[in-house]
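# Summary of structural features
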Amino acid sequence: MFSSEMISSQQNHVVNTIETMPPETITASPTLVQRIRKVFSRELLVTLALGQVLSLLVCGIGLTSKYLAHEYHANTPVFQSFLNYILLFLVYTTTLAVRQGEENLLAILKRRWWKYMILGLIDIEANYLVIKAYQYTTLASVQLLDCFTIPVVLLLSWFFLLVRYKAVHFVGVGVCLLGIGCMVGADVLVGRQQGLGEHKLLGDLLVLGGAMLYGISNVCEEFIVKNLSRVEFLGMMGLFGSFFSGIQLAIMEHKELLKVQWDWQIGLLYIGFSACMFGLYSFMPVVIRRTSATSVNLSLLTADLYSLFCGLFLFQYKFSGLYLLSFVIIILGLVFYTSSSTYVAQDPRVYKHFRNAGHPITDTPTLGPLEPSVTYTSLRQEIEEEPRIRVA
């Protein structure tokens with residue numbers, strides 16, 4: 001048993017140790033300014049800026065499409081996509097063709113040609129369904145229902161990419177969707193009910209189908225660019241996209257293409273559309289690799305607002321203060337979402353070769369079922385102050 005003298009001496013030793021601790025070793029709690037600087041880091045601002053570049057490209061795609069359809073009556077969505085796939089083929093597919101080794105075009109086709117064929121068909125039909133929906137339903141419905149891509153990406157990322165989210169990520173998504181609600185409400189108030197047709201339900205279903213296909217395509221793109229190669233993804237999209245969209249163009253749209261009254265203005269619009277579309281396809285994998293498919297889709301919610309601001313001068317749209325409010329709300333939601341890192345739940349039996357470098361784990365025999373491991377990762381590629389946590 002311990003004597004009272006020993007207990008008293010230990011207590012005095014603890015007190016003396018705390019009292020004699022140098023003041024510089026005691027860390028003060030961060031101030032409000034320091035916390036704000038930590039949230040609005042350079043990486044977060046770069047991520048927001050890259051997302052807005054994508055939104056501006058989508059805005060350019062929408063404006064050129066609107067001019068072609070409404071000013072020049074050129075309803076050629078398949079032909080417009082075909083031009084983009086041809087550019088991807090000329091730049092990225094030919095790059096794969098001249099490569100040597102395992103990254104050569106023929107080597108890739110031998111291993112997974114059927115996967116890229118399916119992905120190419122999904123991407124083509126996603127573009128076609130959403131553009132086609134404008135003929136049957138309202139612009140407000142397209143804007144609202146197109147957000148269905150976000151829950152599709154969340155679910156597919158959860159089940160197939162094994163991404164795990166925190167509460168702040170769901171709060172950020174909810175805030176962004178609230179901003180879209182404000183934008184749709186402003187459209188209704190100012191009377192922007194464009195594209196209303198007799199078959200509104202059909203148009204709504206087309207939007208939902210296109211949004212679901214977009215979600216599948218984006219999640220597959222995230223997996224490919226993070227595990228394989230950006231050039232491989234774009235090269236395969238150029239190969240299969242140009243092939244299948246060419247077939248679809250010949251079957252469904254050759255008559256519409258013959259009706260186009262060609263002149264230099266229409267030619268410039270087609271060139272502008274193709275340039276924006278090619279830039280979007282080329283730049284999106286870079287942003288997805290840096291962030292995630294979910295973050296990119298949240299950033300693209302501001303594209304409709306950029307189109308609106310341009311439409312104030314080009315198409316004499318009516319202005320509402322709710323548009324500015326919705327823009328601020330969407331940016332706030334993006335800040336919430338990108339301010340915290342996600343983590344990836346990994347089964348060591350499946351992801352054995354993708355473990356963190358510098359943390360070798362020897363394969364030791366275990367009794368009973370293996371428990372899944374959890375690897376915390378940053379989708380913003382930031383340098384974290386805390387060490388990476390691995391629970392095996």
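Treat the numbers as computed from the prediction; the structure is a model and nothing was measured.

So, on to the nonpolar core. Taken as a class, soluble globular proteins show a tendency for nonpolar side chains to be buried jointly. Core analysis: the largest hydrophobic core is formed by 33 residues, its most contacted members being Leu54, Leu88, Tyr116, Phe233, Met236, Met284 and Val296. Elements that contribute at least two residues to this core include exactly α3 (42-71), α4 (77-98), α5 (105-133), α9 (200-227), α10 (230-259) and α11 (264-290). No other element matches the eight residues that α11 contributes to this core. Apart from the residues lying within four places of it in its own chain, the contact partners of phenylalanine 233 are Tyr116, Leu119, Glu221, Ile224, Val225 and Pro285. With 30 residues, the next largest nonpolar core counts Cys147, Ile180, Leu305 and Ile330 among its residues.

Along the chain, proline 151 turns up in helix α7 (residues 149-159). Residue classification places proline 151 among the partly exposed residues on the basis of a relative accessible area of 33%. In this structure the C-alpha to C-alpha distance between proline 151 and threonine 294, which are 143 residues apart in sequence, comes to 8.7 Å.

Summed over all chains, the structure comprises eight aromatic pairs. Ring geometry for phenylalanine 79 and tryptophan 262: centres 6.4 Å apart, planes at 80 degrees, overall edge-to-face. With phenylalanine 79 in helix α4 and tryptophan 262 in the loop between α10 and α11, this residue pair connects regions lying 183 residues apart in the sequence. For tryptophan 262, a relative accessible area of 48% gives the class partly exposed. Here the aromatic rings of tyrosine 85 and tyrosine 281 are separated by 6.1 Å at their centres, their planes lie at 80 degrees, and the arrangement is edge-to-face. You can see tyrosine 85 sitting in helix α4 and its partner tyrosine 281 sitting in helix α11, a full 196 residues away along the chain. Considered together, tyrosine 85 and tyrosine 281 belong to a single accessibility category, that of buried residues. An aromatic cluster is built from Phe79, Trp262 and Tyr270, whose rings are joined through pairwise contacts. It is arginine 164 that lies over the ring of tryptophan 158; its NZ or CZ is 4.1 Å from the centre.

In this section: the environment of leucine 325. Relative to the elements of secondary structure, leucine 325 occurs in helix α14 (residues 321-338). Overall, the relative accessible area of 41% leaves leucine 325 in the partly exposed class. Each C-alpha atom of the pair leucine 325 and cysteine 182 lies 7.5 Å from the other, and the pair is 143 residues apart in sequence.

This next bit is on the pattern of salt bridges. Oppositely charged side chains can form a pair if their charged atoms are brought close together. What the rule picks out here adds up to five salt bridges. Here glutamate 232 and arginine 112 are joined by a salt bridge, their closest N and O atoms 2.9 Å apart. Of this pair, glutamate 232 sits in helix α10 while arginine 112 sits in helix α5, and the two are 120 residues apart along the sequence. Classification of arginine 112 by relative accessible area gives buried; the value is 17%. Here lysine 259 ties to glutamate 256 by a salt bridge, and the two come within 3.8 Å at their closest N and O atoms. Here the residue lysine 259 and the residue glutamate 256 both occupy positions in helix α10, the gap between them amounting to three residues, near one helical turn. Classification of lysine 259 by relative accessible area gives exposed; the value is 56%. You can call glutamate 256 partly exposed: its relative accessible area is 29%.

Among the surface-exposed residues, Leu155, Trp158, Phe159, Phe160 and Phe170 lie close enough to one another that they form a single nonpolar patch of about 590 Å² accessible area. Counting residues per element, the nonpolar patch draws most heavily on α7, which supplies three residues. When you line up the elements, tryptophan 158 lands in helix α7.

Parameters and conventions
Residues numbered from 1 in each chain as written. Predicted model: local features only at pLDDT ≥ 70, side-chain atom pairs only at ≥ 80, totals over all residues. Heavy atoms only, no water. Core = buried A, V, L, I, M, F, W, Y, C linked by side-chain atoms within 4.5 Å. Buried < 20%, exposed > 50% of the residue type's maximum accessible area, 1.4 Å probe, protein only. Helix = DSSP H or I, 4+ residues; strand = E, 2+ residues; numbered from the N terminus. Contact = heavy atoms within 4.5 Å. Phe/Tyr/Trp six-rings, centres within 6.5 Å; stacked < 30°, edge-to-face > 60°. Lys NZ or Arg CZ within 6 Å of the ring centre and 35° of its normal. Salt bridge = Lys/Arg side-chain N within 4 Å of Asp/Glu carboxyl O. Patch = residues over 30% accessible without salt bridge, like charges linked within 9 Å, V, L, I, M, F, W, Y side chains within 5 Å. Areas by Shrake-Rupley, 256 points an atom, 1.4 Å probe, with all protein chains shown as cover.

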